[in-house]
Amino acid sequence: MTVITKDNLSSFIEYYHGFHDSFISNINYDIKRSQIELFIDVHWSGIPSLKKDETFETNNIKMRMIFKGVEHCNIRELFSWNYIDDVFINYIIIRNKEYICFASSEEEPFVYIVCDSIEYEEF
């Protein structure tokens, strides 16, 4: 698994096109370990290619993300129409401690998680 850091955050968001048109397919909570596991169907990854019919091949992938040391989360009931348009991932400071924040959007997210670290892998 790869850890999202300040050094690779911008390239991560760019490579996955801000999770545009992606959706969360599964959420697992581990209360004892203070972590959340998300499974995301990512619609755009890498460099899209133009097909003969003038449409884009978007490189669909499935991703697993693990949020460790969860400080705060707010996850509303998810429906099939809840897709991510432009993910918000950034470092924030709460009570003089730095955390990483993941939100399905910057305004009115249906998923909002603040934690110590985020790891991810494609499968």
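In short, a report on the structure. (Residues numbered from 1 in each chain as written. Predicted model: local features only at pLDDT ≥ 70, side-chain atom pairs only at ≥ 80, totals over all residues. Heavy atoms only, no water.)

Here's the deal with the sheet that holds strand β7 (residues 72-75)
Spatially, the four strands line up as an open sheet ordered β7-β11-β10-β9, and their pairing is antiparallel. In the strand order of this sheet, the two ends are held by β7 and β9 (88-94), each with one partner. Going from strand to strand, the sheet's axes swing by 20 degrees on average, the running direction of each strand aside. Pairing of strand β10 (residues 97-103) with strand β11 (residues 111-115), which is carried by four bridges, proceeds in the antiparallel orientation. (Pairing = 2+ DSSP bridges. Helix = DSSP H or I, 4+ residues; strand = E, 2+ residues; numbered from the N terminus. Axes fitted to C-alpha atoms, helices over the stretch in contact; angles between N-to-C directions.)

A few points about the packing of aromatic side chains
Enumeration according to the criterion identifies nine aromatic pairs in this entry. Centroid distance Tyr-16 to Tyr-120: 6.3 Å. Interplanar angle 85 degrees. Geometry classified as edge-to-face. Of this pair, Tyr-16 sits in the loop between α1 (9-15) and β2 (22-30) while Tyr-120 sits in strand β12 (residues 117-122); the two residues are 104 residues apart in sequence, bridging distant segments of the chain. With respect to burial, Tyr-16 and Tyr-120 carry one shared label: buried. Ring-pair connections join several aromatic residues into one group, and the members of that group are Phe-12, Tyr-15, Tyr-16, Phe-19, Phe-67, Phe-102 and Tyr-120. One Lys or Arg, Lys-6, reaches over the ring of Tyr-91 and ends 5.4 Å from the middle of that ring. (Phe/Tyr/Trp six-rings, centres within 6.5 Å; stacked < 30°, edge-to-face > 60°. Buried < 20%, exposed > 50% of the residue type's maximum accessible area, 1.4 Å probe, protein only. Lys NZ or Arg CZ within 6 Å of the ring centre and 35° of its normal.)

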